[in-house]
Amino acid sequence: MTFKVRKKAACSLTVMLIAATALTACGSKSESTSTAQPGTDNAPLNVNIMTILLSANPPANDNAIKMAIEKATNSKLNVQWVSANSYPDKLNVTLASGDIPELIYIPDPFTSVFRGMVQQGAFWDLTDSIKDYPNLNSKISKTAWDLTKMEDGKNYAIPRPRPTEGDTFFLFRKDWLDTLGLKVPTTTDELYQAYKAFTENDPDKNGKKDTIGLAINATNGDKVSDTLGQIENSFAKANGDWKWLNDQMVFKSFLPEERQALEFVIKLYKEKLIPEDFASLKPSQVKDIVKTDKAGGLVDKTGTVVSDYLNDLKKINPNVKETDFYPATTINGYNPKGPGFSGVLAIPKTVKEDKMKRILKMIDTWMNDDVFAIQTYGMEGVDHTVKDGVKVVDSKKLADDGGPDFNQIVYVADPYASTVKNFFQKETQDLYRNVQDERAKTSQADISIGLYSPTAMQYLPELQKKVLDMKVKVILGKESIAAWDDFVTKLKADANVVKMSQEMTDAYKKRLAAK
């Protein structure tokens, strides 16, 4: 989704101005720490960090993994670990205080708070510096760097990398397709034929009509569910809420293809090819349909098939294999590319320039394979053993020792991490890698990520909810498709929508001009 407006993370203009004032006043603890830093690269870099904690307890200061990372990066890490539940509130308070740690995790760089502080000069412009650090260039995708640029075309933070390819998309029960004599779908017409056959032609050969075409729900909180979203994206051939069309950004719900997607889902619903109660199903209930051997189609990442589905499914159907979860390559020539990042790391301007560069060097060194391996595998003989030259990890012990916690500071993404797991069988790994490589030729990112529209920041969440509510009513038959047409016509004339669309267009043109 283009704009992630969190209620807890929202800050008023007054708070931003206070923050800016504090930053431009007589300094902060971060600045005094910076000036006290030894001036030679041979001395350990003493750096204050604030980041999110996803586990129950933070690593101690004398944690063996932490100390090994410090030695490898020639640093002393003073980490303030903040629980995920309280991080938004803590972040607000910290940013407003002006006493900002020298390296800080920003979950969403597109909030008005962070943007406002960037505009006030509170954070370092890293655009010209990152070229000097090979890992920052090679191990963070160009997509991530591009999508985290601010409206002036500059990068004020380091994206925390994630795979760009292998994003959530259509999966099929290949054993059911084979039984029914069908190929893996590549078009929405073929999707329909597969879902119809899965429902009506007894794909599991148990003599009962007890299967369904597609496991789907309507919503994910206030957002369209991944499954419904990918159907819409495949018709529109665009990722996200917006499409660049005729030299302007068009809200995707206004496209005729969105209407076609609605008609497609209406047809699935009327013919009972999807659950009758899909509108009220939770994501866990959708998974249960697949795990109980009742659905032939789903939408997910291939990297989840074993842990989320196969192990439970085998209890019912011992014959099912990993490769029976078969991924689509494209539908109508479309497949999604991920944004390539999850949050960013920012350095405040209270840090002196020479220290800012040392922090970048520390992160770059941390991303070296041998250094990142410290948190990935932990300590030999404690968190992992080596057998036949292969590291065998005790994942529980590694978690207890805090290895994964350090991923919330520096992370290196395996480009196939969303698609392949090392415990998959070789046949499965080869298949999924090949499919991902094919997808990469046509995958599309959500180009609206990071575009700044003040109107959208205020109005888009409400609009998205209205649109979703109307879609569900139309699919369930509570409103007609003609009512959808009237709804869209009225939205197109809405002054806020018109202004938002123009701001999004201007922002995208500005991004293109900055390349």
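Residues numbered from 1 in each chain as written. Predicted model: local features only at pLDDT ≥ 70, side-chain atom pairs only at ≥ 80, totals over all residues. Heavy atoms only, no water.

Scanning the protein chain from N- to C-terminus turns up 20 helices and 15 strands. Its C-alpha atoms give the protein chain a radius of gyration of 25 Å, near enough to 24 Å, the size a compact globule of 515 residues would have. Burial status across the protein chain gives 54% buried among its 515 residues. Contacts in the protein chain between residues far apart in sequence, at least 24 positions, make up 75% of those at least 6 positions apart. Here the protein chain has roughly 22,900 Å² of accessible surface; of this, 50% comes from carbon and sulfur atoms. (Helix = DSSP H or I, 4+ residues; strand = E, 2+ residues; numbered from the N terminus. Rg over C-alpha atoms; globule rule 2.2 N^0.38 Å. Buried < 20%, exposed > 50% of the residue type's maximum accessible area, 1.4 Å probe, protein only. Contact = heavy atoms within 4.5 Å. Areas by Shrake-Rupley, 256 points an atom, 1.4 Å probe, with all protein chains shown as cover.)

A few words on unusual backbone geometry. The phi dihedral of Asn 74 is positive, around 50°, even though this residue is not glycine. Position of Asn 74 relative to the elements: it lies in the loop between α3 (64-73) and β2 (75-83). Positive phi outside glycine occurs at Asp 293, with the angle close to 65°. Using a relative accessible area of 9% as the deciding quantity, one classes Asp 293 as buried.

Detailed conclusions should not be drawn from predicted coordinates in areas where pLDDT is low. Averaged over all residues, the pLDDT of the protein chain is 91; the fraction at 70 or higher stands at 92%. For the stretch residues 1-40, pLDDT sits under 50, and the model shows 83 contacts to residues farther than four places along the chain or on other chains. (pLDDT = per-residue confidence, 0-100.)

Assignment of secondary structure puts Trp 176 in helix α8 (residues 174-180). On a C-alpha basis, the gap between Trp 176 and Lys 205 in space is 9.4 Å, while along the polypeptide they are 29 residues apart. Those residues in contact with Trp 176 that sit more than four places away from it in its chain are Phe 198, Pro 203, Asp 204, Thr 211, Ile 212, Asp 293, Lys 294, Ala 295 and Gly 296.

Computed from the structure, the second largest pocket encloses a volume of approximately 1,000 Å³. Lining of the second largest pocket is provided by 28 residues; of these, Thr 376, Tyr 377, Tyr 411, Asp 414 and Asn 422 occupy positions nearest its centre. When contributions to the lining of the second largest pocket are tallied by element, the ones reaching two or more residues are α15 (369-377), β15 (390-393), α16 (395-400) and α17 (426-439). Per-element tally for the lining of the second largest pocket: the top contributor is α15, with 6 residues. (1 Å grid on protein atoms, 1.4 Å probe; cavity = no way out; pocket = protein on both sides within 12 Å on 5 of 7 lines; lining within 4 Å. Points joined across faces, edges and corners; volume = space filled by probe spheres on them.)

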